[in-house]
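# Close look at the chain arrangement
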Amino acid sequence: MARQGMMKLGMSMRGLGYHPAAWRHPDVPSDGTLRFEHYAHNAKMAEQGLFDMIFFADGIGLRERDEPRGSLARSGYELVEMEPLTLLPALSVLTKHIGLVTTASTTYNEPYHIARKFATLDLISGGRAGWNIVTSWSEAEAKNFSREEHLEYDLRYERAAEFVEVVKGLWDCWEPDAFVYDKQSGLFYDESRMHLLNHRGKHFQVRGPLNVAGMPQGRPILVQAGASEPGREIAAATADVVYAAADSVSAAKAYYDDVKGRMAKYGRDWDELKIMPGVRTIVGATRAEAQAKFDRLQELTDPLVGLARVYAALGDLSGFDIDGPVPEPQREAQVRSATERVMKRARDGNLTIRQLYQQIVGGGFYLIGTASDIVDGMQEWYEAEACDGFNVLPPYLPGCCDDFVEHITPELQRRGLFRKAYEGATLRENLGLKTPVNRWAAERAARSAAAE
């Protein structure tokens, strides 16, 4: 029996695309990440395709290393781009319906700042803001914030859990009907409906209240991408959307069932969380045309950039013939299991160095083919209840976004899998999520009910 309801879709818009060679594509503006027009075109096109949201992954440092030497200068991937919490308010003025989601780290921010910024984005956009919750992990980021190394793993997640609770508490400081704006009586707000947070925890002490209020969707959408054990637990407890990573329907189904199976102990129903795995799509009029587009991207990968993708596992291979066999690792394994996996792939496939790095740079969950082929794959995952939709990771922009909207959206609609118009005014409404109940308003209602 066909699954009920509509698929949810996000368009991830980081940089120039999710393939390391995207910047070299002839149809890609190499300086696009520093041009507002590039982001504006993609956002408006995604809205034309009726996507639920656009998503900006974000880092606060250069995570790519110059290993081997000279590789970083040839990489246009995750180097320079606009800061998204400054960019998204501008994009909100150019769009009317699409959600606006970006990353903000719980490691190198304070809860009050994050609560205030996303509440403001929600007001500017009319209820379309979303916060992707991450814990920063790279030493490059740590060194930009007065640290020599990043926080220890368990501590990062412990801090993140408390951080999220503080932000949610700040968003609740004003009850929905707190502001009366009564000019005649002179009463601006009802004192009984403003609350101090007075949070005192291990990592944060925050008094409140927040000096922003009246968010159109109650509070911004909470998004997470954690696949770890603590990440899954935080997602089950608090997230509205999870961006997942899986390259097979069976792996996606296992993740889906595990995370959603944890929700009941937090008093949440399965449909209160949307799980959206990442998918890279390349569409063509024929399968051969689509494959040729992908092959062209692969050919554009500079050898040094390719070697950088295997450096962590195998060390510096720049002195070897890239069309020769993969040699033994040139360094002691930092993560032994990762090195073993890469070497097994090379040996099992009898790969050259070039073939190995091309498999890695072109890795992830790809759907390549005609619009019908791609929707076949998406439909299989959706109807198997391995996902609630997808976070589309365009290999290059704007082309892959444009192609999706022109070819794939209509095929999804033809099969009854996707909307033909936005259902609501806010991101929360379009995702089919309930409006969160203000904790103080709920407590007031409970007292009132008990008194009757």
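Structure: see above.
Quick summary incoming for the structure in this document. Counting restarts for each chain, with residues numbered from 1 along the sequence as it is written. Two thresholds apply to this predicted model, a pLDDT of at least 70 for residue-level local features and 80 or more for giving and counting side-chain atom pairs, whereas whole-chain, interface and lining totals are computed over all residues. Side-chain metrics in this entry use all non-hydrogen atoms of the structure; hydrogen atoms and water are not considered.

## Concerning the packing of aromatic side chains
Selection criterion: Two rings from Phe, Tyr or Trp (for Trp, the six-membered ring) form a pair when their centres sit within 6.5 Å of each other. Planes less than 30 degrees apart are called stacked, planes more than 60 degrees apart edge-to-face, and all others tilted. Burial classification: accessible surface area is computed with a 1.4 Å probe over protein chains only, and a residue below 20% of its type maximum counts as buried, one above 50% as exposed, and the rest as partly exposed.
Following the criterion strictly, the structure yields 19 aromatic pairs and no others. Ring geometry for Tyr181 and Phe188: centres 5.0 Å apart, planes at 85°, overall edge-to-face. Accessibility expressed as a relative area gives 54% for Tyr181, which makes it exposed. Both rings, one in Trp381 and one in Phe390, keep their centres 6.0 Å apart while their planes meet at 50°; by these two values the pair is tilted. A relative accessible area of 3% means that Trp381 is categorised as buried. Classification of Phe390 as buried rests on a relative accessible area of 0%.

## Concerning unusual backbone geometry
For clarity, the threshold we go by: By definition, any uninterrupted DSSP run of H or I lasting at least four residues is a helix, any uninterrupted run of E lasting at least two residues is a strand, and each is numbered from the N terminus.
Here the amide bond leading from Glu67 into Pro68 is cis, since omega sits at 0°, within 30 degrees of zero. In this structure, Pro68 sits in the loop between strand 2 (53-56) and helix 2 (84-94). The phi dihedral of Glu78 falls on the positive side, at around 55°, and the residue is not glycine. Considering the arrangement of structural elements, one finds Glu78 in the loop between strand 2 and helix 2. Its identity as a non-glycine residue notwithstanding, Glu385 has a phi of 55°, on the positive side.

## Observations concerning the packing of helix 6 (residues 229-238) against helix 7 (residues 249-261)
We apply this condition: Here an axis means a line fitted to C-alpha atoms, over the contact stretch when the element is a helix, while the angle between two N-to-C directions is reported on a 0 to 180 degree scale. For classification purposes, an angle smaller than 35 degrees is called roughly parallel, one larger than 145 roughly antiparallel, one from 65 to 115 roughly perpendicular, and anything else oblique. The contact rule is simple, with two residues in contact once any of their heavy atoms fall within 4.5 Å.
Close contact between helix 6 and helix 7 brings their axes to 8 Å; oriented N to C, the two are set at 60°. As far as their axial angle goes, helix 7 and helix 6 are oblique. When helix 6 is examined against helix 7, the residues Arg232, Ala235 and Ala236 are found in contact with a partner set consisting of Tyr255, Asp258 and Val259.

## What about the pairing of strand 10 (residues 241-244)?
Just so we agree on the cut-off: Here, any two strands with at least 2 DSSP bridges between them count as paired. When the strands point away from the viewer, a crossover counts as right-handed if the path from the first strand over the helix to the second runs clockwise.
The side-chain alternation of strand 10 yields two buried faces, one formed by Val241 and Tyr243 and the other by Val242 and Ala244. As judged from the 2 bridges shared by strand 9 (residues 221-224) and strand 10, these two strands associate in the parallel manner. Among the inter-strand pairings, Gln224 is bridged to a residue of strand 10, identified as Val242. The parallel pair strand 9 and strand 10 is bridged by helix 6, and the resulting crossover is right-handed. Alignment of strand 10 against strand 11 (residues 274-283), held across 4 bridges, turns out to be parallel. Bridge assignment links Tyr243 to a residue of strand 11, and that residue is Met276.

## A closer look at the environment of Glu78
Defined as follows: Throughout this description, a polar contact denotes any pair of N or O atoms lying within 3.5 Å of each other; where both atoms belong to protein, one of them has to be capable of donating a hydrogen while the other can accept it, and for residues adjacent in sequence the pair is counted only when both atoms sit in side chains.
In this structure the C-alpha to C-alpha distance between Glu78 and Tyr112, which are 34 residues apart in sequence, comes to 28 Å. Polar contacts involving the side chain of Glu78 include one to the side chain of Arg14, which spans 3.4 Å.

## Focus: helix 7
What counts, and what does not: Here a helix's expected span is defined as the number of its residues, less one, multiplied by 1.5 Å. The directions from the helix axis to the C-beta atoms are what the arc is built from.
End to end, helix 7 covers 18 Å across 13 residues, agreeing with the expected 18 Å (1.5 Å per residue, within 8%). What helix 7 keeps buried is the set Ala252, Tyr255, Tyr256, Val259 and Lys260. All buried residues of helix 7 lie within an arc of 115° about the axis, which places them on one face of the element. The inward-facing, buried residues of helix 7 contact helix 6, strand 10, strand 11 and helix 12 (371-383).

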